[in-house]
Amino acid sequence: MLYSEKVMDHFSNPRNVGEIENADGIGEVGNAKCGDIMKMYLKIDDGVITDVKFKTFGCGAAIATSSIATEMVKGKTIDEALKLTNKAVVEALDGLPPVKLHCSVLAEQAMKSALSDYYRRQGIDPVPIVGEIGECEACH
Ligand code: FES
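In short, a report on the structure. Quantities reported herein were computed from a predicted structural model and do not represent experimental measurements. (Residues numbered from 1 in each chain as written. Predicted model: local features only at pLDDT ≥ 70, side-chain atom pairs only at ≥ 80, totals over all residues. Heavy atoms only, no water.)

## Structural notes on the overall build of the protein chain
Logical step 1: Looking only at helices and strands, the protein chain features five helices and three strands.
Logical step 2: Reading the protein chain from its N end, one meets helices and strands in the order α-β-β-β-α-α-α-α.
Logical step 3: Here the protein chain holds 140 residues, and 45% of them are scored as buried.
Logical step 4: Carbon together with sulfur atoms contributes 51% to the accessible area of the protein chain, which is approximately 7100 Å² in total. (Helix = DSSP H or I, 4+ residues; strand = E, 2+ residues; numbered from the N terminus. Buried < 20%, exposed > 50% of the residue type's maximum accessible area, 1.4 Å probe, protein only. Areas by Shrake-Rupley, 256 points an atom, 1.4 Å probe, with all protein chains shown as cover.)

Listed below in structure tokens is the structure:
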């Protein structure tokens, strides 16, 4: 089987799908080559992520990674969420096929982009945490 049970579970039954009205931070990233787009919404109270939702227009792996990434940061502090790496996301999903690894990078970037947006709204100069997203070689 190409995908782990966890990937299939988060793909067929994604957690935290949707939007947050009056979100404290919104991040949107896209992969130019495959055209997949991921949007993250964060609600932050006293430095803690109290709610998180996502909308992903993309492949199954992108949906599964965004779903598990939201679970991984919910209830965590901003500092902890900033440490979320695509590697941790992939491990939490019990792995992804190599050609789908870039989809998990999208989840890390979307989360960091939403946190940057939060900093911006707070008037704190955001550290440029959103870098280039690797080219997607195996899209759809
Ligand atoms: Fe492009 Fe998954 S994000 S194929």
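## Overview of the environment of Tyr3
Logical step 1: With respect to the helices and strands, the residue Tyr3 is situated in the segment before helix 1 (5-12).
Logical step 2: Residue classification places Tyr3 among the partly exposed residues on the basis of a relative accessible area of 22%.
Logical step 3: Apart from residues lying up to four places away in sequence, Tyr3 is in contact with Met8, Leu96, Pro97 and Lys100. (Contact = heavy atoms within 4.5 Å.)

## Section: the pattern of salt bridges
Logical step 1: On inspection of all chains with the given rule, the structure shows 12 salt bridges.
Logical step 2: With a closest N to O distance of 2.8 Å, Lys112 and Glu108 form a salt bridge. Taken as a pair, Lys112 and Glu108 lie in helix 5 (residues 101-121) at a separation of four residues, close to a single helical turn.
Logical step 3: By relative accessible area, which is 15% here, Glu108 ends up buried.
Logical step 4: Measuring nitrogen to oxygen at the nearest pair gives 2.9 Å for the salt bridge that ties Arg121 to Asp117. Of the two residues, Arg121 and Asp117 both sit in helix 5, four residues apart, roughly one turn of that helix.
Logical step 5: The class of Arg121 is partly exposed, set by a relative accessible area of 47%.
Logical step 6: Taken together, the shared-partner salt bridges connect Asp9, Arg15 and Glu71 into one network. (Salt bridge = Lys/Arg side-chain N within 4 Å of Asp/Glu carboxyl O.)

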